[in-house]
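Below are the chains, spelled out letter by letter.
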Amino acid sequence: MPAYAPIVHDHSLVSLNTFRIPARARHYLRVNSAAELDAVRCDPALAGLPRLVLGGGSNVLFTRDFDGIVLHMTGQGRQVLGEQAGYRLVRAQAGENWHAFVQWTLAQGFGGLENLSLIPGTVGAAPIQNVGAYGTETRDRFHSLTVYDMASGTTRTLDAAACRFGYRDSIFKHPEGNALVVLDVTFALPLAWTPNLRYAELAQAVDAAGLAAPTPQEIGRIVEAIRRRKLPDPLEIGNAGSFFKNPVVSSAQCTELLAQFPQLVHHAQPDGSQKLAAGWLIDQCGWKGKALGAAGVYPKQALVLVNLGGATGQDVVRLAGAIQADVAARYGVQLEPEPVFI
Ligand code: EPU
């Protein structure tokens, strides 16, 4: 008898993706440790099958059933490892709920992750797309992570450089990272914490709350309030957060666009390029609150596509395509989806 849960065949994925898209997996396995991954790798009936590693399912769009094995990362556990060079190191297993983990750090008075409060998903998924919000990205608080390599059957530690973090990007979204499964993540939280209020909306909200010297926990609560105001709760309306990345264009293209569209929302990047607000572009094209069949654009934030009830993955793909076409026609900018399409 294996010490882990048995493989389930023809398993529904509807409650395992925050878009609530009805899809099925040919095989499904809950993974708590490297032992299950080892077993899958060594089983000749499973070894050659397509694999999908699933965390909270908050960044995936199922466009069809998955004809392979879904590895659902469910490992639990978190610990304070100690202090090192001005940082407190904390580790959590991949299957831990992200927001619960953030709250656990904040409840102990550890600052650093407060701007990333209330992001749906799991700890193991955070580095995959380098989740970020309100001026902080996972990589800013990252120390290292442990992966199991399905190709070699070995476990190893990757530092930030090895993870190749980018804007909503990392090695795990590229072919070189295909065989790597994140088992746990270690974060480095600064002992000399200072608030990150670079994001204007957050700074204004802290100000409005009359907090001259806010604590990490207070900032976390304000971030939660902002998110609740603008973003749909996946438990109530199926969605995967921002559906598109904010497009990055050259400063020359941005200048040309500004000549025609002076209200264009843009932010200069350290390398001189400009990040445009995709939500603004979509909003200006008139898509906010609109729908195509059962897939819609959230009325309070045009960057979020929602399942209005009974949407299929194809419904969402059709809506996304129509939005991309309109934005490209009007602004000459190609929007790139943030979720992974299966
Ligand atoms: N805007 C509009 N109309 C809209 C939506 C936005 O005009 O319908 C304008 C806003 O007025 C604002 C600008 O677009 O000037 C940016 O909007 P917002 O501050 O809401 O942030 P965002 O760029 O749309 C990004 C992240 C979010 C993250 C927030 C806060 C991406 C793709 N999205 O959204 O991340 O929470 O900033 O930091 O980078 C996610 O990735 O799933 C996600 C929710």
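Residues numbered from 1 in each chain as written. Predicted model: local features only at pLDDT ≥ 70, side-chain atom pairs only at ≥ 80, totals over all residues. Heavy atoms only, no water.

### Concerning the sheet that holds strand E19 (residues 304-307)
Our working definition: The pairing criterion for strands is at least two bridges between them, as found by DSSP. For helices the rule is a DSSP run of H or I covering at least 4 residues; for strands it is a run of E covering at least 2, with both sets numbered from the N terminus onward. The criterion used for residue contact is that any of the two residues' heavy atoms lie within 4.5 Å. Simply put, an axis is a line fit to the C-alpha atoms, just over the touching stretch for a helix, and the angle between two N-to-C directions goes from 0 to 180 degrees.
Here 4 strands make up an open sheet; going across it, the order is E13-E19-E18-E17 and the pairing antiparallel. The open sheet has two edge strands, strand E13 (238-242) and strand E17 (291-292), and neither has a second partner. Two elements, E17 and strand E18 (residues 295-297), share 2 bridges in a ladder whose sense is antiparallel. Directly across from leucine 292, in E18, lies its bridge partner alanine 295. Across the sheet, helix H9 (residues 313-331) lies against E17, E18 and E19, angled at about 40° from E18, the strand it touches most.

### Observations concerning the domain arrangement of the chain
The test is simple: Annotation comment: domain bounds sourced from an automatic or database domain assignment. Buried area counts how much accessible surface, traced with a 1.4 Å probe, disappears from two parts once they are put together, with both parts' losses summed. For this analysis, a salt bridge means a side-chain nitrogen from Lys or Arg found within 4 Å of a carboxyl oxygen belonging to Asp or Glu. Here a polar contact means two N or O atoms within 3.5 Å. Within protein one must be a hydrogen donor candidate and the other an acceptor candidate, and residues neighboring in sequence count only if both atoms are side-chain atoms. In this classification, Asp, Glu, Lys and Arg are treated as charged, Ala, Val, Leu, Ile, Met, Phe, Trp, Tyr, Cys and Pro as nonpolar, and every other residue, Gly included, as polar.
Under the domain assignment, the chain is made up of domain 1 (8-73), domain 2 (78-230) and domain 3 (238-341). Placing a centre on the C-alpha atoms of domain 1 and another on those of domain 2 gives a separation of 24 Å. The partner domain 2 presents 18 residues to the 13 residues of domain 1 that form the contact. Per-residue buried area on domain 1 facing domain 2 is highest for Leu37, Arg41 and Met73; these three make up 41% of the total on that side. Applying the counting rule to domain 1 against domain 2 returns 0 salt bridges. One can count 5 residue pairs in polar contact (both at pLDDT 80 or more) joining domain 1 with domain 2. Elements that contribute at least two residues to the side of domain 1 that touches domain 2 include exactly helix H1 (34-42) and strand E3 (51-54). Per-class residue counts for the side of domain 1 that touches domain 2 are 5 nonpolar, 5 polar and 3 charged.

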